[in-house]
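# Structural overview for review
Given next are the chains, with one letter for each unit.
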Amino acid sequence: MPFTTNTIKKNLLLCVFLVLVFCCFSQAALMETESAENVLRFSLWSLLEDEPSLEKEALENFYDKSVQELKILAPFLLEGMIYGWSFSYVPSDIARQVAEELEILPLVRIALPDERLSFLEPRVENERFYVWLEYRRTNSMMAYKKAWDSVVYPKAKGVGQASLLMGTEGILEAYEQALKNAIRGFVQKQEKNKPRRISGRVLLVNQPVLGIQAGRYTAALDFFVHVIKIERYTEF
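This one's a predicted model, so the numbers in the text were calculated from it and none came from an experiment.

We now examine the packing of aromatic side chains. Taken as a whole, this structure holds 6 aromatic pairs when the rule is applied. Here Trp-45 and Tyr-217 contribute two aromatic rings whose centre-to-centre distance is 6.2 Å and whose plane-to-plane angle is 40°, an arrangement assigned as tilted. Taken together, the residues span a long stretch of sequence, with Trp-45 in strand E1 (residues 39-47) and Tyr-217 in strand E8 (residues 216-231) at a distance of 172 residues. Like Tyr-217, Trp-45 is buried. Feature note: the residues Phe-76, Trp-85, Tyr-175 and Phe-223 constitute an aromatic cluster, connected by ring pairs. For the cation-ring pair, Arg-41 lies above Trp-132, with the distance from its terminal atom to the ring centre recorded as 4.3 Å. Above the plane of the ring of Trp-45 lies Arg-128, whose end atom (NZ or CZ) is 4.1 Å from the centre.

Now for unusual backbone geometry. The omega torsion across Leu-112 and Pro-113 is 0°, close enough to zero to call that bond cis. Mapped onto the secondary structure, Pro-113 falls in the loop between strand E3 (101-106) and strand E4 (117-125). Even without glycine at this site, Glu-121 takes up a positive phi of about 50°. Relative to the elements of secondary structure, Glu-121 occurs in strand E4.

Space inside the largest pocket adds up to approximately 220 Å³. For the largest pocket, the lining is made up of 16 residues, of which Leu-40, Met-81, Arg-137, Leu-204 and Val-205 are closest to its centre. For the lining of the largest pocket, the secondary structure elements donating two or more residues are E1, helix H2 (56-82), helix H3 (139-149) and strand E7 (197-213). In terms of residue count, the dominant contributor to the lining of the largest pocket is E7 (5 residues).

The next point concerns the sheet that holds E4. Taken together, the 3 strands give an open sheet; going across it, the order is E1-E5-E4, and neighbouring strands pair in antiparallel fashion. The open sheet has two edge strands, E1 and E4, and neither has a second partner. Along the sheet, successive strands turn relative to each other by an average axial angle of 20°, direction set aside.

What follows deals with the sheet that holds strand E6 (residues 155-163). Neighbouring strands of a sheet are bound in pairs by backbone hydrogen bonds; such pairs are parallel or else antiparallel. Overall, antiparallel pairing links the 5 strands, which are arranged E3-E2-E7-E8-E6 in an open sheet. Because the sheet does not close on itself, it has two edges, and the strands there are E3 and E6. Looking at each pair of strands side by side, their axes are set apart by 35° on average, direction ignored. Strand contacts of helix H4 (residues 168-190): strand E2 (85-90), E3, E6, E7 and E8, with the helix running at about 145° to E6, the strand carrying the most contacts.

A few words on the pattern of salt bridges. Under the counting rule described, the total for this entry stands at 10 salt bridges. One salt bridge in this structure joins Glu-100 and Arg-184, with 2.8 Å as the shortest N-O distance. Residue Glu-100 is located in the loop between E2 and E3, and its partner Arg-184 is located in helix H4; the two are separated by 84 residues in the primary sequence. A relative accessible area of 26% places Glu-100 in the partly exposed class. One salt bridge in this structure joins Glu-134 and Arg-136, with 3.1 Å as the shortest N-O distance. Ionic contacts of the salt-bridge type, sharing partners, join the residues Arg-41, Glu-121, Glu-134 and Arg-136 into one network.

Criteria and cut-off values
- Residues numbered from 1 in each chain as written.
- Predicted model: local features only at pLDDT ≥ 70, side-chain atom pairs only at ≥ 80, totals over all residues.
- Heavy atoms only, no water.
- Phe/Tyr/Trp six-rings, centres within 6.5 Å; stacked < 30°, edge-to-face > 60°.
- Helix = DSSP H or I, 4+ residues; strand = E, 2+ residues; numbered from the N terminus.
- Buried < 20%, exposed > 50% of the residue type's maximum accessible area, 1.4 Å probe, protein only.
- Lys NZ or Arg CZ within 6 Å of the ring centre and 35° of its normal.
- 1 Å grid on protein atoms, 1.4 Å probe; cavity = no way out; pocket = protein on both sides within 12 Å on 5 of 7 lines; lining within 4 Å.
- Points joined across faces, edges and corners; volume = space filled by probe spheres on them.
- Pairing = 2+ DSSP bridges.
- Axes fitted to C-alpha atoms, helices over the stretch in contact; angles between N-to-C directions.
- Contact = heavy atoms within 4.5 Å.
- Salt bridge = Lys/Arg side-chain N within 4 Å of Asp/Glu carboxyl O.

This is the structure in structure tokens:
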């Protein structure tokens, strides 16, 4: 059910709390003037489970889970959007008794705290805690973007799901399943016969979409795909 507590007082306390929590991420970034092209901006949310108390200490504990969750999700998505991920994918093959496998690794890690990251405009809506994420990319980061833009890479889109009961791990699992399904669909379109293994890199593009369907986190992601190596079966 939607929250029915005194919304005005709750949001005032929320804003005060979040200013204290996120100030270390946003102060330095707000002092800089960046071109619009350098700034990544997208929305993130975390699911709220119960109605909060209006007591300050209880409110801080209530929102702490969501704050910590956003601090995990933000670097993961930024790594995929700024640098990309390397992947190694093995399609399943029942005849050969080969199980499907996917390994993904960030090309470059992004760790918190990061002065270029800001969480802005926090709000509570439909039992979800929303923020806008802004990240100000350096010139070296923009060089990665120009490298990806310099070649017309094929696009792939995937949808992934995971149980709400998994919490933060469920969101990450839904994202990874979306990537796996995007690569699987890409391979099926490009290769007539199943390869033994395909490896390469992907860049996360567009706004990452996360929703809830039938008690499961549902993620929809778009990628540029750069295939580096295809290993094929030489015989059946």
